[in-house]
Amino acid sequence: MRFGDCDPAGIVFYPRYFEMFNNLVEDWCAVGLEHSFRALHMEQGLGLPTVHIETDFVAASELGETLCAELQVRKFGATSITLGIRLLGPDGADRVRCTLVLVLLDLHKRSAVSLPEALRTRIARFCVTQ
């Protein structure tokens, strides 16, 4: 963890985790789904905003630690994706667990749109059974 992520006690300031989740989703889109945020937003006029989030802060993360992130697709529908995210400490134990719901949004109309079939196929590769 970086100095800017931590509070004066040397532990991660909890809102920073939400930035980490967003960065993880952006990286997942670019690498895992082969669909960058740039292409999505700038070229297609689409966004993938978070519409629901549930987070459990299991244990503190400290300055200098490296966390490992895990992302799984729990389910996806016509317009939405439900993700499970875990951040694990150097010891492999959970530090933060999150359920995140994203919706594909037409940025001009500000309304949900259907996930394209090619994207649905890529998303399915990350699906897990609960």
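Since this is a predicted model, take the numbers as computed values, not measurements. (Residues numbered from 1 in each chain as written. Predicted model: local features only at pLDDT ≥ 70, side-chain atom pairs only at ≥ 80, totals over all residues. Heavy atoms only, no water.)

Concerning the nonpolar core
Link 1 in the chain: In terms of nonpolar packing, the biggest core is built from 29 residues, with Trp28, Ile81, Leu83 and Ile123 touching the most fellow members.
Link 2 in the chain: Listing elements by their share of this core, those giving two or more residues are helix 1 (15–32), helix 2 (37–43), strand 3 (68–76), strand 4 (80–88), strand 5 (94–103) and helix 3 (117–124).
Link 3 in the chain: The dominant element in this core, judged by the number of residues it contributes, is helix 1, at 6 residues.
Link 4 in the chain: With residues near it in sequence (within four places) discarded, Trp28 still touches Leu33, Leu71, Val73, Ile81, Leu83, Ile123 and Phe126. (Core = buried A, V, L, I, M, F, W, Y, C linked by side-chain atoms within 4.5 Å. Buried < 20%, exposed > 50% of the residue type's maximum accessible area, 1.4 Å probe, protein only. Helix = DSSP H or I, 4+ residues; strand = E, 2+ residues; numbered from the N terminus. Contact = heavy atoms within 4.5 Å.)

Some thoughts on the sheet that holds strand 6 (residues 105–106)
The strands that make up a sheet pair up through hydrogen bonds in the backbone, lying either parallel or antiparallel.
Link 1 in the chain: Taken in spatial order, the 3 strands line up as 1-6-7 in an open sheet, and their pairing is antiparallel. Single-partner strands in this sheet number two, and they are strand 1 (46–47) and strand 7 (111–112).
Link 2 in the chain: In this sheet, strand 7 lies alongside strand 6 in antiparallel orientation, the contact comprising 2 bridges. Each residue of the ladder has a partner; that of Leu105, found in strand 7, is Ala112. (Pairing = 2+ DSSP bridges.)

Some words on empty space enclosed by the protein
Picture a little ball the size of a water molecule; that probe, rolled over the atoms, points out where space is still empty.
Link 1 in the chain: Per the stated rule, a full pass over the model turns up 1 cavity of 30 Å³ or more.
Link 2 in the chain: By volume, the largest cavity is sized at about 50 Å³.
Link 3 in the chain: Taken together, Cys29, Leu33, His35, Leu40, Leu48, Leu104 and Leu119 form the lining of the largest cavity.
Link 4 in the chain: Residue classes in the lining of the largest cavity are distributed as 6 nonpolar, 1 polar and no charged. (1 Å grid on protein atoms, 1.4 Å probe; cavity = no way out; pocket = protein on both sides within 12 Å on 5 of 7 lines; lining within 4 Å. Points joined across faces, edges and corners; volume = space filled by probe spheres on them. Nonpolar A, V, L, I, M, F, W, Y, C, P; charged D, E, K, R; others polar.)

What about the sheet that holds strand 4?
Link 1 in the chain: Strand order in the open sheet formed by 4 strands is 2-5-4-3, with antiparallel pairing between adjacent strands. Edge positions in the sheet fall to strand 2 (50–57) and strand 3, since each of these pairs with one other strand and no more. Between one strand axis and the next, the sheet turns through 15° on average, direction left out of account.
Link 2 in the chain: Note: strand 3 against strand 4, 8 bridges, orientation antiparallel. Following the sheet pairing, Gln72 is matched in strand 4 by Gly84.
Link 3 in the chain: Against the sheet, helix 1 touches strand 2, strand 3, strand 4 and strand 5, its axis set at about 120° to strand 4. (Axes fitted to C-alpha atoms, helices over the stretch in contact; angles between N-to-C directions.)

Notes on the packing of aromatic side chains
Link 1 in the chain: With the rule as written, the count across this model stands at 6 aromatic pairs.
Link 2 in the chain: With centroids separated by 5.6 Å and ring planes inclined at 65°, the aromatic side chains of Phe13 and Tyr14 adopt a geometry described as edge-to-face.
Link 3 in the chain: Using a relative accessible area of 39% as the deciding quantity, one classes Phe13 as partly exposed.
Link 4 in the chain: Aromatic pair Phe18 and Phe21: ring centres 5.7 Å apart, planes at 85°, arrangement edge-to-face. With a gap of 3 residues between them, Phe18 and Phe21 both fall in helix 1, about one helical turn apart.
Link 5 in the chain: Using a relative accessible area of 31% as the deciding quantity, one classes Phe18 as partly exposed.
Link 6 in the chain: One aromatic cluster in this structure is built from Phe13, Tyr14, Tyr17, Phe18, Phe21 and Phe57. (Phe/Tyr/Trp six-rings, centres within 6.5 Å; stacked < 30°, edge-to-face > 60°.)

Side note on the pattern of salt bridges
Link 1 in the chain: Evaluation of the coordinates by the stated rule reveals 6 salt bridges.
Link 2 in the chain: Among the ionic pairs, Asp94 bridges to Arg97, the shortest N-O distance being 2.9 Å.
Link 3 in the chain: Among the residues examined, Arg97 registers a relative accessible area of 37% and is labelled partly exposed. (Salt bridge = Lys/Arg side-chain N within 4 Å of Asp/Glu carboxyl O.)

Purely spatial values, then, with no claim about function.
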